[in-house]
Amino acid sequence: MNIKINENFKNIKESYLFSDIAKKVKAYQEAHKDAKVIRLGIGDVTLPLPKIVSDAMVKAAHEMSVKETFRGYPPEYGYDFLKDAVSDYYKRNGIEVLSGDIFISDGAKSDLGNIVDILGDNDIYIPDPVYPVYVDSNLMSGRKIHLINGCKENNFLPMPDGLDCNGGVIYLCSPNNPTGALYNFEELTAWVNFALKTGSLIIYDSAYEAFINGDYPRSIYAIEGAKECAIEINSLSKVAGFTGTRCGWTVVPKSLMVGDVSLNKLWSRRQATKFNGVSYPVQRAAEAALSVEGMAECKKNIEYYMENAKMLSELFKEKNIYFTGGINSPYIWLKCPNNMSSWEFFDYLLEKANIVGTPGAGFGAAGEGYFRITSFGTHEATKEAVERLRKLL
Ligand code: PLP
């Protein structure tokens, strides 16, 4: 064809992480037919939607089949009933987010990828290791990326001290995927103050905030000044089991201004141009999930996962293996024993204990030598895995 392509795509590394894992597991399983392989690499939820949520979805689907209650295109930014439910959810967590600053989406990944549309050629600051979408979406737009190193010394919570930045876009994810590490009030305040001082924008991914149990910020807007420097992106995927149902939201406060240009207006324009909203039944399901009763059901599922996380983290404590996460996060990020590389440890666990996890190197160079284990399995499988690990490590 005689067209030009976006050459920036050539800078994106192919991601073979999960296909390489699948290939290795398949080959192992074929060679060891009787092996009972336990998968602790899952980043997807496994428990079904709470009934209150699916009931709301079914009711809404029926409304769509009746002339009087049928609805066509939804509003691009979400129905008011759902924006109000999101605002109320924040309020119950002690945070004020106005309904007019909320944009309903089909999940956090889309918005994290699309937000670059409204931003120019900025320097981009991204912690390493982290959820790969931030890096790849900025590479696609040809942006200059500075990785901020996460390591054992900073407990995988990189801070702005010493960062050479004269204004740019900073991505933060807390609790983090894959490390499970999360910023406390003081640390997040330092980031907000840094962004305000340097005139930077923070893009804050709070996809795992519902797993926080202790006294940690569940939203960047729990920090003073954040409405002048931060966009927050959240999702119902992990809190309410919406990975297959698809719904999330982005908060772009009206107080976010670049000169006399409002980022809220730019995002409104972007969404109205390129997005036609989330389906009515899904928005009703999301409203039900965010209600007081719905959230109580969602919390039961989270508690189930967190019991798995507890079993695993207690084992690593017992074995004196350094790890982060597992307390306010479904992810446990551990140092591979005996200085094994991430993939060496992957092979070792698969062969010696028939357990599958995710090599840390797949989440960025700073992940080498580390390994992610998740709590999204069943109690039975996790318990069995803990026993096998207790014998092996
Ligand atoms: N942000 C982080 C940190 C994630 O780990 C994930 C999914 O695993 C997402 C966002 C994507 O969420 P969604 O399912 O809403 O697209």
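Per-chain numbering applies: the sequence of each chain, read as written, is numbered from 1 onward. In keeping with the model being predicted, local features are shown solely for residues with a pLDDT of at least 70 and side-chain atom pairs are shown and tallied solely at 80 or more, while totals for entire chains, interfaces and linings include all residues. As a rule here, side-chain values cover all heavy atoms of the structure and leave hydrogens and water aside.

Asker: Could you give an account of the overall build of the protein, naming the residues involved and the relevant values?
Answerer: Under the DSSP-based scheme used, a helix requires at least four consecutive residues in state H or I and a strand at least two consecutive residues in state E, with every element numbered from the N terminus. Check the secondary structure of the protein and you find twelve helices and 15 strands. Counting only C-alpha atoms and orienting by the principal axes, one finds that the protein spans roughly 60 × 55 × 55 Å. Among the 393 residues that make up the protein, the fraction classed as buried is 53%. The contact criterion used is simple: two residues touch if any of their non-hydrogen atoms lie within 4.5 Å. Pairs at least 24 residues apart make up 74% of the contacts formed inside the protein by residues separated by at least 6 positions. Exposure categories follow from relative accessible area, calculated using a 1.4 Å probe and restricted to protein chains: below 20% of the type maximum is buried, above 50% is exposed, and the middle band is partly exposed.

Asker: Explain the sheet that holds strand E11 (residues 323–325) to me, and be specific about the residues and the numbers.
Answerer: A pair of strands is labelled paired if DSSP reports no fewer than 2 bridges between them. Pairing in this open sheet of four strands is antiparallel, and the strands run E11-E12-E15-E14 from one edge to the other. Each edge of the sheet is formed by a strand with only one pairing partner; in this case those strands are E11 and strand E14 (358–359). The sheet contact formed by E14 and strand E15 (residues 370–374) spans two bridges and is antiparallel. The residue of E15 that forms the bridge with Pro 359 is Phe 371. Against the sheet, helix H11 (residues 342–353) contacts strand E12 (331–335), E14 and E15, and its axis sits at roughly 50 degrees relative to E15. In this analysis an axis means a line fitted to C-alpha atoms, helices contributing only their contacting stretch, and an angle means the value between N-to-C directions, from 0 to 180 degrees.

Asker: Which residues make up the environment of Ile 223, and what are the values?
Answerer: By secondary structure assignment, the location of Ile 223 is in the loop between strand E6 (201–205) and strand E7 (230–235). Residue classification places Ile 223 among the buried positions, given a relative accessible area of 6%. Ile 223 sits 209 residues away from Glu 14 along the chain, and the two C-alpha atoms are 37 Å apart. If sequence neighbours within four positions are ignored, Ile 223 has contacts with Phe 185, Leu 188, Thr 189, Val 192 and Pro 217.

Asker: A description of the side chain of Thr 245 should follow, citing residues and the corresponding values.
Answerer: Residue position: Thr 245 is located in the loop between helix H7 (237–240) and strand E8 (248–251). Every residue in contact with Thr 245, bar those within four places of it in the chain, is listed here: Leu 49, Met 57 and Val 282.

Asker: Quick one: what's the story with the packing of helix H1 (residues 17–31) against H11, residue by residue and with numbers?
Answerer: For the pair H1 and H11, the least separation of the axes is 11 Å and the interaxial angle reads 30 degrees. Put simply, H1 runs roughly parallel to H11. Seen from above, H1 lies across H11 with right-handed handedness. Contact residues: H1 offers Leu 17, Asp 20, Ile 21, Lys 24, Val 25 and Tyr 28, while H11 offers Trp 343, Phe 346, Asp 347, Leu 350 and Glu 351. For the contact of H1 with H11, the residue count by class is seven nonpolar, no polar and four charged. Here the angle decides the label: under 35 degrees means roughly parallel, over 145 means roughly antiparallel, 65 to 115 means roughly perpendicular, and every other value means oblique. Handedness of a helix crossing follows the sense of rotation of the near helix relative to the far helix, less than a right angle counterclockwise being left-handed and clockwise being right-handed. All residues other than Ala, Val, Leu, Ile, Met, Phe, Trp, Tyr, Cys, Pro, Asp, Glu, Lys and Arg, Gly among them, are scored as polar; the first ten of these are nonpolar and the last four charged.

Asker: How would you explain the pattern of salt bridges if you had to name every residue and give the values?
Answerer: Pairing between side chains becomes possible if they bear opposite charge and their charged atoms approach one another. The term salt bridge refers to a side-chain nitrogen of Lys or Arg lying within 4 Å of a carboxyl oxygen of Asp or Glu. Using the criterion set out here, one finds 18 salt bridges in the structure. With a closest N to O distance of 2.9 Å, Lys 274 and Asp 117 form a salt bridge. A residue pair is termed long-range when its members are at least 10 positions apart, and Lys 274 in helix H8 (residues 263–274) and Asp 117 in the loop between helix H4 (108–114) and strand E3 (123–128) qualify at 157 residues. With a relative accessible area of 56%, Lys 274 lands in the exposed category. On the basis of relative accessible area, Asp 117 is assigned to the partly exposed category, the value being 39%.

Asker: So what's going on with the pairing of E7? Which residues, and what values?
Answerer: In regular strands, side chains alternate between the two faces of the sheet. Taking burial as the measure, the six residues of E7 include six buried ones, the bulk of the element. Judged from the four bridges that link them, E6 and E7 form a sheet pairing that is parallel. Within E7, the position partnered with Ile 202 by the bridge is Ala 230. One ladder, built from four bridges, connects E7 with E8; its direction is antiparallel. Considered in E8, the bridge of Glu 232 is made with Val 251.

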